[in-house]
Amino acid sequence: MKFKYLKIKDISKTQSWWTPSRAKAEFWWWDIIWLKSGELNDNQNVTKYTETITQAGIEWSSAKIFPKWTLVMAMYGATAWKLGILWVDAATNQAICSIQNHKWMFVEKYVYYFLLKEREKIIQDSFWWAQPNISKTYIDNLQIPLPPLVTQQKIVEKLDELSAVIKENQEKIRGQIVALDELWKSQLDEVFSNEEWENNTIEYISLGIQYWYTGKTIENGKYQYLRITDIQNDKVDWNTVPFVNVEDIEAKKYTLNKFDIVFARTWATVGKSYLIEEEVEDKLFASYLIRIVPNLKLVVPKFLKFFFQSNNYWNQIYFDVVGAAQPNFNGTKLSSVQLPLPPLSTQKAIVQELDELQKGITELKTQYTTQLEQYDELRNSLLDQAFKGELVK
């Protein structure tokens with residue numbers, strides 16, 4: 001089945017409007033729903049909103065109230081390319097483009113699914129600016145295969161049916177991943193809530209707790225300069241870590257070694273830690289990190305690493321990283337954190353058990369993640385078939 005191609009502007013009326021002045025109280029907080037681009041998340045029944053405006057606000061901005069069933073698309077910002085179908089009458093800000101079915105030539109969900117299918121291309125086309133950005137003109141000129149309305153509705157019904165099955169299965173898989181994360185947390189809590197072990201401070205089991213000064217990064221040099229942003233998902237890709245210009249005599253004070261642990265002391269990852277598990281050479285740490293050197297006669301470094309993932313640790317620093325206006329963590333606070341410390345032989349046995357559990361959890365999560373990706377590929381394949389005329393007769 002071959003479909004005729006038309007441009008979006010040939011089958012719809014697209015519009016976007018400006019936001020009423022926030023300096024004028026008379027424009028805000030009345031009975032007209034005001035929808036922002038951040039409230040779009042590919043939802044086919046948009047009902048949630050956080051702001052309302054007045055009729056005066058509508059008139060001042062020359063905005064328009066779009067009726068229920070209007071298809072909308074975010075053009076820029078954090079939710080660029082995200083879609084929605086209004087389930088309520090609403091006005092929208094300038095980051096949203098409305099696609100109005102004023103000629104009654106399409107089924108809204110048919111165009112919705114088409115834009116989902118085209119998302120990868122739209123994303124690629126949008127990165128001409130510092131942030132993702134598409135224009136109303138771009139949307140107008142998108143070409144869409146357009147069969148008769150009856151066929152559009154059949155395609156929508158089939159995609160709805162298959163998408164529901166995919167969504168249900170993906171939600172089950174995500175639930176399994178959450179359960180694995182909870183299992184890991186519960187095991188850590190069980191280990192580090194043992195009241196039979198004596199509590200000792202991090203200062204006691206460390207040979208040193210240290211900051212470094214801010215250095216200037218360079219592309220090439222002798223010493224690499226580990227920053228907070230270089231630590232992602234408990235991993236460091238040393239190939240991407242920049243260098244720093246520093247004298248050898250100064251660098252010796254701040255050279256990282258195997259079994260050192262570094263902590264983020266500010267920003268979004270404040271309190272999180274990273275254990276250097278391999279031999280490293282000429283690696284230094286940046287000023288927004290704290291380095292501790294574990295005393296190997298008292299503590300197994302990986303036992304310490306696991307403790308820093310536990311609720312016992314996070315509860316002790318909670319008000320510094322969550323309750324504070326500016327999250328911040330310092331060496332003084334870190335040194336006073338209490339660690340339940342069993343004998344070294346017990347630590348080693350616990351590390352072995354937790355390593356095995358973590359390995360099993362990681363393997364399962366990898367399998368589940370692969371399954372999620374396979375369902376995404378299946379959804380994309382179904383969308384491709386639908387707009388080639390191969391999904392329904």
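Residues numbered from 1 in each chain as written. Predicted model: local features only at pLDDT ≥ 70, side-chain atom pairs only at ≥ 80, totals over all residues. Heavy atoms only, no water.

## Quick word on the sheet that holds strand S14 (residues 223-226)
What the four strands build is an open sheet, ordered S13-S17-S14-S20; its pairing is mixed. Since the sheet does not close on itself, it has two edges, and those belong to strand S13 (217-218) and strand S20 (283-285), each with one partner. Summarising the sheet, S14 and strand S17 (residues 243-244) pair through two bridges and their orientation is antiparallel. When the bridges of S17 are listed, Tyr 223 appears paired with Val 244. (Pairing = 2+ DSSP bridges. Helix = DSSP H or I, 4+ residues; strand = E, 2+ residues; numbered from the N terminus.)

## Quick look at the nonpolar core
Judged by nonpolar contacts, the single largest core of 38 residues is most densely connected at Tyr 110, Val 111, Leu 115, Ile 139 and Leu 159. A total of six residues in this core trace back to one element, the largest contributor, which is helix H3 (residues 108-117). Leaving out residues up to four positions away in the same chain, Ile 139 has contacts with Ile 8, Met 73, Met 75, Cys 97, Ile 99 and Ile 134. Among the nonpolar cores identified, the runner-up in size contains 36 residues, and Phe 192, Trp 197, Phe 308 and Leu 334 belong to it. (Core = buried A, V, L, I, M, F, W, Y, C linked by side-chain atoms within 4.5 Å. Buried < 20%, exposed > 50% of the residue type's maximum accessible area, 1.4 Å probe, protein only. Contact = heavy atoms within 4.5 Å.)

## Description of the packing of helix H6 (residues 149-191) against helix H11 (residues 344-386)
Following both chains from N to C, one finds H6 and H11 inclined at 170 degrees, their axes separated by 10 Å at the closest point. Looking at the two axes, H6 sits roughly antiparallel to H11. Of the residues in the contact of H6 with H11, the class split is 23 nonpolar, seven polar and five charged. (Axes fitted to C-alpha atoms, helices over the stretch in contact; angles between N-to-C directions. Parallel < 35°, antiparallel > 145°, perpendicular 65-115°, else oblique. Nonpolar A, V, L, I, M, F, W, Y, C, P; charged D, E, K, R; others polar.)

## Regarding the environment of Thr 52
With respect to the helices and strands, the residue Thr 52 is situated in strand S5 (residues 51-53). By relative accessible area, which is 12% here, Thr 52 ends up buried. Sequence separation between Thr 52 and Ala 90 is 38 residues; the distance between their C-alpha atoms is 9.0 Å. Apart from residues no more than four positions distant in its own chain, Thr 52 is found in contact with Trp 28, Trp 29, Trp 30, Ile 32, Ile 33 and Trp 34. Polar side-chain contacts of Thr 52 include one of 3.1 Å to the backbone nitrogen of Trp 30. (Polar contact = N/O pair within 3.5 Å; in protein donor to acceptor, adjacent residues only side chain to side chain.)

## Some points on unusual backbone geometry
With a phi angle near 80 degrees, Trp 81 is a residue other than glycine that sits in the positive phi range. Residue position: Trp 81 is located in the loop between strand S6 (71-74) and strand S7 (83-86). Its relative accessible area of 16% is what places Trp 81 among the buried residues. Positive phi, normally seen in glycine, also occurs at Asp 282, with a value near 55 degrees. Locating Asp 282 in the fold gives a position in the loop between strand S19 (273-275) and S20.

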